[in-house]
Amino acid sequence: MTLVQISDKVEEILRCGQTVVTLGGDHSMSVATIHGHAKVENDLAIIWIDAHPDINTPLTSASGNIHGMPLSFLTKELQPYVPKLPGFEWLKPCISVKDIAFIGVRDIDKAERYIIDKYNITTFTMRDIDKLGMECVLERTIEAINPTLNKKIHMSFDIDSLDPAFAPSTGTPVPYGLSLREGMFLVEEIALTNKVTGIDLVEINPDLGSQRDQFTTISAAAEVLYAFFGKRTKTQLPSDYVLPKP
Ligand SMILES: NC(=[NH2+])NCCC[C@H](N)C(=O)O
Ligand SMILES: [Mn+2]
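Residues numbered from 1 in each chain as written. Chains lettered and ligands numbered in written order. Predicted model: local features only at pLDDT ≥ 70, side-chain atom pairs only at ≥ 80, totals over all residues. Heavy atoms only, no water.

Asker: So what's going on with the nonpolar core? Residues and values would help.
Answerer: It is characteristic of soluble globular proteins that their nonpolar side chains tend to be buried jointly. By size, the foremost hydrophobic cluster in this structure holds 35 residues, and its most contacted members are Ile47, Ile49 and Ile103. Sorting the residues of this core by element identifies strand E2 (44–49), strand E3 (100–105), helix H5 (126–132), helix H6 (134–145), strand E5 (152–158), helix H7 (180–191), strand E6 (196–202) and helix H8 (211–228) as the ones contributing at least two each. Per-element accounting of this core gives the leading share, 6 residues, to H7. In contact with Ile49, other than residues within four places in its own chain, are Ile103, Met155, Ser156, Phe157, Asp158, Ser161, Leu178, Leu186 and Ile190. If you look at the next biggest cluster of nonpolar residues, it comprises 26 residues, including Ala38, Leu44, Leu78 and Tyr119. (Core = buried A, V, L, I, M, F, W, Y, C linked by side-chain atoms within 4.5 Å. Buried < 20%, exposed > 50% of the residue type's maximum accessible area, 1.4 Å probe, protein only. Helix = DSSP H or I, 4+ residues; strand = E, 2+ residues; numbered from the N terminus. Contact = heavy atoms within 4.5 Å.)

Asker: So what's going on with H6? Which residues, and what values?
Answerer: Compared with the 16 Å implied by 1.5 Å per residue over 12 residues, the 16 Å span of H6 between its first and last C-alpha is a close match. Among the residues of H6, those classed as buried are Met134, Cys136, Val137, Leu138, Thr141, Ile142 and Ile145. Buried-residue contacts for H6 involve E2, E3, strand E4 (122–125), H5, E5 and H7. (Expected span 1.5 Å × (residues − 1).)

Asker: Before we move on, could you go through the site of ligand 1 and cite the residues and values that matter?
Answerer: Taken together, His27, His52, Asp54, Asn56, Ser63, His67, Gly68, Asp109, Asp158, Asp160, Thr172 and Glu203 make up the full set of residues near ligand 1. Side-chain polar atom of Asp54 to a nitrogen atom of ligand 1: 2.9 Å apart, as the coordinates give it. One of the side-chain N or O atoms of Asn56 is found 3.0 Å from an oxygen atom in ligand 1. Burial of ligand 1 by the protein amounts to 93% of the accessible area it has alone, namely 350 Å². Across the shell around ligand 1, the residue classes break down as no nonpolar, 7 polar and 5 charged. (Near = heavy atom within 4 Å. Polar contact = N/O pair within 3.5 Å; in protein donor to acceptor, adjacent residues only side chain to side chain. Areas by Shrake-Rupley, 256 points an atom, 1.4 Å probe, with all protein chains shown as cover. Nonpolar A, V, L, I, M, F, W, Y, C, P; charged D, E, K, R; others polar.)

Spelled out as structure tokens, the structure:
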């Protein structure tokens, strides 16, 4: 599927009142998922859980990889700095810097640092998480980007936010990341807002690493998604459940 097709599909599913989960693949996919999401929800908050802020422009990226740039394409304020790329004519910048929060970042490029500081983008590094604790980080995130919870939330979860011990099969691993349990707790708490209508789970690359690495990474990704949907906190009881007596 092309990005524009993903955007249209996300929009179509949301218009049916469903929550959209997209699995990637690299993080450039979020250009499309957020674009489609923002077409339906014109005021959208973005929680970007990642080792990187992915807000390079095509002119600042050292790697030239689009997966390090999705947020520069999407944010209105950055458009004066973003050249028009062939193939991206369909894309309309649809989010604002004030609606983005980064959680778990620990590898920030020069231009990204400049952008975060210039626009005062809500950012919680690993150090902030160590210091404040995840519960407080999420409280402050909501306070900053969705204080009255009147907006829907797009949660973009890059598997490289997790420590490489839990997610080795990814293209740009960065040490000293979230434990799997921290990642699960974070998404469990985000789920409790009842505001999430779009989820990306990206950068899982089963072609990288040993078989064991692949299994570790895929299992971690599945646990994050299950955690969001309450596997570790809720047990569904059938309405006719009776406790057996001897
Ligand atoms: N979604 C990702 N894994 N992004 C990694 C980006 C790494 C680096 N900052 C770049 O722009 O190339
Ligand atoms: Mn990313």
